Amino acid sequence: MSPPKWAAWLLGLLAPSSRKDEAVGDLAEAHRRRLEQRGWLIAHALTALETVDVGSALLRARASSIAFSWLDVKLGARMLVKYPGLTFLGGLSIAFAIFIGASTFELISKAVSPTIPLPEGDRIVALRLWNPTQGRLESRVLYDVAIWREELRTVEDLAVYRDRERNLIGADGLGAPVVVAEVSASAFDLARTPPFLGRVLTEADERPGATSVVVIGHDIWTGRFGGDPDIVGTDVRLGSTPTTVVGVMPEGFGFPVAHDLWMPFGSDFGAYEPLAGPRVGVLGRLAPAASLADARSELAVLSRRLRTTSPATHEHLQPQVVPLAQAFLGLPPGMSWGLLSAIGLTSNLPLILFLILVCGNVALLLFARATSRKSELVVRSALGASRRRIVIQLFVEALVLATGAAVVALMATRYGLRWALWIVQSEMFDGEPLPFWIDASLSLQTVAYTGLLTVFAALVAGAWPGLRVTRSLGDGLKRGAPGAGGFRFGGVWTVVIASQIVVTMLFPVVTMAVRSEGSVELDYDAPFRAEQYMVARVRADEPGTSIGAGLSATTTGSVAARVRERLLAEPGVAAVTLAERLPMTYHPWHQIEIDGPSARPRDERGHRVGSARVTPDFFDVLDADIVAGRGFRSGDLEEDARAVIVDDAFVDRVLGGRNAVGVEIRYLANESYRDPSQDPQPWLQIVGVVEELGARSFYGPGGVYHPVRPDALSSAHLIVHLPSGAAGFASRVRAVATAVDPTLRLHEVQSLVQATREPRDFYAFWTTILLAVCGFALLLSLGGIYAVMSYTVAQRTREIGIRVALGSSRARVVWAVFRRPLRQVALGLVSGFVLLAVMVTALSEGIALVRFGAVLIGYCLLMTAICLAACATPTLRALRIEPGEALRVDG
Amino acid sequence: MPADSLAEFELLVMLAALRLGPDEAYTVSIAEDIRQRTGRPVRRANVYTTLSRLEAKGLVATRRGEPRPERGGRPPRLVTVRADGLAAVRATTGAIQAMVGELTHLLGEVG
């Protein structure tokens, strides 16, 4: 006769504890009556319906007891208008904190658990072999793939692919590079994505002698072929190979990684010996009901068997099955995503502490504002508002502020994400396109996370001060004197004030450091006129990688050198050079060692600088002066030559300004996980110093230039000097390149101004943002400290009156009042100095205490003046009134 | 100050509570009484919500009753109509009677 257990449990859970017995008892009684009147089945059905109905009513009742009303929201909005300074500064601080949190979250989720935009994309896995003795992945696995295809039951639709970059030559005869995936036809079964037009690749396309066909991506279709609806069946050229378009894939499809075109792989897997054949990637889909662990176990069993049958090649190979996304983000073997996340969190600890301080700062200010409204709160309390009601109101006020800030933060995140991905692309992918599942859009999870941060910010900035302020509301009420003292700042506020002072001490230093770092980039004045240079990144098909027939087996550098010769014959062209990197752009960094004294590096890991290989005429073409030593000579291209040229910035930053000519340097293994045991490179000799050409790495300016023959460049930039201006020359460069060799791919054909705009915009954007935020945060902190100190002194009006009434001298009274705030300021300043000293020791590069000494002394004086001003106004006011009056008013 | 006037369902709940008396008026019995007398289904959730509202207005008071076996040994929350509640019932029914007035020949006796 008893009701269903789940129903009793649910109501017991949802009902307030005081009404749990009633709700469950009612359920039991009503169910019993129904059983008697309606029979078992109908009684249970009705009880189930009623449980849901009553449960939701109880839940609504509970929610309404803590929820806020629209009136609170309106009041909150009104407060924002009433205190515009607080709204602006507080809102900006919260927005900054939320921005940092949301962008970090979005980036981590994009890396750790991205959504693969394919049907059941999370079940697509990569299969690979890890060679622990060589510390790298073994990708010559076609022999293994043939076995896996036959025997694996936990992974289906096995597909292989390899990347090829090709020149796609359209009807206009101009070539433009595309990333081609040579895939087995099963890749399309694996992706489960139907074509937008035409068909996908089939097994028939892979057979020997089949017509060369290609499936193109949506972007290529719209960008190169103007969205031609009759594209299917059209002939195009890939390099020098004619091929037929058989299909167009839908927008956003870049499977397996970041591909624009798909061609048949066309290999007979069974024909390869172990560890022979081309290097490929292998993908598959977990079979229904199979887990990742099942696939790993099955592959391990197969692998053990191969170790027996092919010990010479497979003895050390370890099979791996990893989700698609993880296979392409270069996670070091042996490191889990959890560990990586933990490292990320730990390394961001200072940032998290800073965010807490920002929120604490807003709390400090809102607390000061809340205390200034004590009369209003006491009246509200007297009119029957409970403490909870008042705290909720303060919370909602902060929530309104934080919500506005969150909207700004999300917009900034959306914008900043583009820049963040650009850094990831430059730093981790060497400029190559990012996987197709990574884009600059905000995920719903990030929006939800931002919501959580918003509530957290409102709790810290609204509910927390609310709880402290309302703790003594009862006392204020008992005294019957709205405006009477009663609120107390506890020791926690002393800590908050001292911490604020510490942080505000760091702001000027950080601001100046950022400004000086930014000015290196923004104020950099190139020795050449960027608008006179047309640049392009060039690549050709390398020997041994040709697909199909007719592709030239040549190198990028040698073809580029031929293009250079042809361009020199073009009217208007003054000079052409080739280099691995463009001036004024990002250069990947390398760790170096100096033979002899050097400036103190930024950290104990030593100096890191950018580097680029350039043809010997590079400096001449760019009109860059050799300021010491000599330029490159033809002899420097000899195999055993070790000459390098460094720039001004290198001399300043690495050598501390000493004479660089003759100094020897060498590269160390990068501090990466890839090959920690790599031997150091041979010593190189600096033969000259060139004026700075804007080579920047992640660690700042400073570059090393190596001479190189054109034919040794596997990836090069063409730099064309056009004294009459680079505008309109792009199509000419493309036409010349295609005419020289249809396989030569030209990327980013543009003027040097355009090529260097993005990094400069990036620095300008971040420098401005950081300076603005630091400035506002400083202002906010000073405002908060002033408000709280002023308030605490104002609270002592009565005490001052009594002291004066009892005959205490004004000097003694002033000292008694000023003592505590001054102590707080002193505590903050001393702690700040200690922290700064630690920072300066840790980061000697860029931040020098001496350099900021004047700023710090000025800051200490400013801080003390603010403290004195905050205390002086209320003290003088208290001293001016008659003691009796003070006693009457405040007693 | 005039007594609160009651919404229709509030009036029904108040009348049921008055009829059942302070020792027998609780959610389940009130819902059952209204169902039997009006012939229309009553959602217990509505009775909960209405009783909470009436209690918040000070029209009824509630107390914990004795445990009862038919409730699985759990006590009901008994409802007592307070003086203000009675006044509200009188005011509402009085208003209805005044409005009905000489329409009794059309509507029959009310109240």
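Residues numbered from 1 in each chain as written. Chains lettered and ligands numbered in written order. Predicted model: local features only at pLDDT ≥ 70, side-chain atom pairs only at ≥ 80, totals over all residues. Heavy atoms only, no water.

Where interface size is quoted, it is often the accessible area lost as the parts come together. Chain A puts 17 residues into the contact, and the matching count from chain B is 18 residues. The junction of chain A with chain B conceals about 1,700 Å² of combined surface from both sides, 44% of it contributed by carbon and sulfur atoms. Put simply, chain A and chain B have eight salt bridges between them. Two residues, Arg33(A) and Glu32(B), come together in a salt bridge whose shortest N-O distance is 4.0 Å. (Contact = heavy atoms within 4.5 Å. Buried area = accessible area lost by both parts, 1.4 Å probe. Salt bridge = Lys/Arg side-chain N within 4 Å of Asp/Glu carboxyl O.)

Attention now goes to the packing of aromatic side chains. Residue and element names in this part refer to chain A. Following the criterion strictly, the structure yields 11 aromatic pairs over all chains and no others. With a centroid separation of 4.2 Å and an interplanar angle of 10 degrees, the aromatic rings of Phe105 and Tyr449 are classed as stacked. Note that Phe105 is positioned in helix α5 (residues 84-112) and Tyr449 in helix α17 (residues 444-470), a separation of 344 residues in sequence. Judged by its relative accessible area of 28%, Phe105 falls in the partly exposed class. By relative accessible area, which is 26% here, Tyr449 ends up partly exposed. Between Phe618 and Phe619, the ring centres sit 5.4 Å apart and the planes meet at 75 degrees, which makes this aromatic pair edge-to-face. (Phe/Tyr/Trp six-rings, centres within 6.5 Å; stacked < 30°, edge-to-face > 60°. Helix = DSSP H or I, 4+ residues; strand = E, 2+ residues; numbered from the N terminus. Buried < 20%, exposed > 50% of the residue type's maximum accessible area, 1.4 Å probe, protein only.)

What follows deals with the packing of helix α2 (residues 27-38) of chain B against helix α3 (residues 44-57) of chain B. All names here are of chain B. Interaxial distance between α2 and α3 falls to 9 Å at its minimum, and their mutual angle equals 115 degrees. Like other packed secondary-structure pairs, α2 and α3 cross with a definite hand, here right-handed. In contact with Thr27, Val28, Ile30 and Ala31 of α2, α3 contributes Arg44, Val47, Tyr48 and Leu51. (Axes fitted to C-alpha atoms, helices over the stretch in contact; angles between N-to-C directions. Left-handed = near helix turned anticlockwise from the far one by under 90°.)

Let us look at the pattern of salt bridges. One pass over the structure, following the stated rule, counts 35 salt bridges over all chains. With a closest N to O distance of 3.1 Å, Glu120(A) and Arg192(A) form a salt bridge. Separated by 72 residues along the polypeptide, Glu120(A) in the loop between α5 and β1 (124-131) and Arg192(A) in the loop between α7 (186-191) and β5 (197-198) bring together distant segments of the chain. Overall, the relative accessible area of 46% leaves Glu120(A) in the partly exposed class. One salt-bridge network, held together by shared partners, links Asp26(A), Glu29(A), Arg33(A), Glu32(B), Arg35(B) and Arg71(B).

Looking now at the pairing of strand β4 (residues 175-183) of chain A. Residues and elements named next belong to chain A. For β4, the tally of buried residues reaches nine of nine residues, placing the bulk of the element in the interior. Alternating residues of β4 divide into Gly175, Pro177, Val179, Ala181 and Val183 and Ala176, Val178, Val180 and Glu182, and every residue in both groups is buried. Two elements, strand β3 (residues 155-169) and β4, share nine bridges in a ladder whose sense is antiparallel. Residue Arg166 lies in a different strand from β4, and its bridge partner there is Val178. Taken together, β3 and the strand that follows it, β4, pair antiparallel across an intervening segment of five residues, in which Gly173 is found at a positive phi of about 80 degrees. Pairing analysis gives four bridges linking β4 to strand β9 (residues 261-264), with the strands arranged parallel. (Pairing = 2+ DSSP bridges.)

Before going further, it helps to examine the confidence of the model for chain A. Residue and element names in this part refer to chain A. Per-residue confidence for chain A gives a mean pLDDT of 79, with 79% of residues at or over 70. Residue range residues 480-487 is modelled with pLDDT below 50. Its contacts to residues more than four positions away, or to other chains, number 20 contacts. Segment residues 671-676: pLDDT under 50, and 10 contacts once partners within four positions in sequence are set aside and those in other chains are kept. (pLDDT = per-residue confidence, 0-100.)

Below, the discussion takes up the nonpolar core. All names here are of chain A. If you look at the biggest cluster of nonpolar residues, it comprises 35 residues, and the most contacted ones within it are Phe255 and Trp262. Those elements giving two or more residues to this core turn out to be β1, β3, β4, α7, β6 (213-216) and α12 (324-327). When residues of this core are assigned to their parent elements, the largest contribution, four residues, is made by α7. Those residues in contact with Phe255 that lie beyond four places of it in its chain are Leu118, Ile124, Ala187, Leu190, Ala191, Trp262, Leu283, Leu324 and Phe436. Listed in part, the 27 residues of the second largest apolar core include Ala526, Ala575, Met584 and Ile719. (Core = buried A, V, L, I, M, F, W, Y, C linked by side-chain atoms within 4.5 Å.)

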